[in-house]
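One letter stands for each residue in the lines below.
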Amino acid sequence: MNTWESSDTKDWNGWTEEKEIQVFHRNNRFLTLLLGISPTWKRKTPYPGVFFRFSWGNIWSVYDPRSASSLMGISYDEKNIAKN
């Protein structure tokens, strides 16, 4: 998942790490607003990330310089999900 604004870089010619870090921070603000809570855990190394922990798994936001992108996602922990 990712947030998007019309001013975001559309190709490599306009991409900078500074602009991508801005997307990372925007993603973090979006998740904080949507979930109504602050991140449970923040990581600076090896790559910046924030994590919202729940009994069933995590919602996360990271900046990955290897892929030159900022991403959000949901990770389920199968052993904590009730089986019907």
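The structure we're discussing is the one just above.
Here the structure is a predicted model, which means the values were calculated and not measured.

*Asks:* Help me understand the overall build of the protein in this model?
*Replies:* Check the secondary structure of the protein and you find 1 helix and 4 strands. Along the protein, from the amino end to the carboxyl end, the secondary structure elements read α-β-β-β-β. If you take every contact in the protein between residues at least 6 apart in sequence, the share linking residues at least 24 apart comes to 35%. Carbon together with sulfur atoms contributes 55% to the accessible area of the protein, which is approximately 6100 Å² in total. Placing the 11 positive and 9 negative side-chain charges of the protein at their respective mean positions leaves the two points 7 Å apart.

*Asks:* Explain the environment of F52 to me, please; I cannot follow it from the model alone.
*Replies:* Summarising the element assignment, F52 is placed in strand β2 (residues 49-54). Residue class for F52 comes out buried when judged on its relative accessible area of 0%. Along the chain, F52 and T32 lie 20 residues apart, while their C-alpha atoms are 8.8 Å from each other. The residues touching F52, leaving out its near neighbours within four places in the chain, are L31, T32, L35, I37, S38, P39, T40, G57, N58 and I59.

Cut-off values and rules
Residues numbered from 1 in each chain as written. Predicted model: local features only at pLDDT ≥ 70, side-chain atom pairs only at ≥ 80, totals over all residues. Heavy atoms only, no water. Helix = DSSP H or I, 4+ residues; strand = E, 2+ residues; numbered from the N terminus. Contact = heavy atoms within 4.5 Å. Areas by Shrake-Rupley, 256 points an atom, 1.4 Å probe, with all protein chains shown as cover. Lys, Arg positive; Asp, Glu negative; His and termini not counted. Charge placed at Lys NZ, Arg CZ, Asp CG, Glu CD. Buried < 20%, exposed > 50% of the residue type's maximum accessible area, 1.4 Å probe, protein only.

Everything listed here is a matter of geometry and, on its own, says nothing about what the molecule does.
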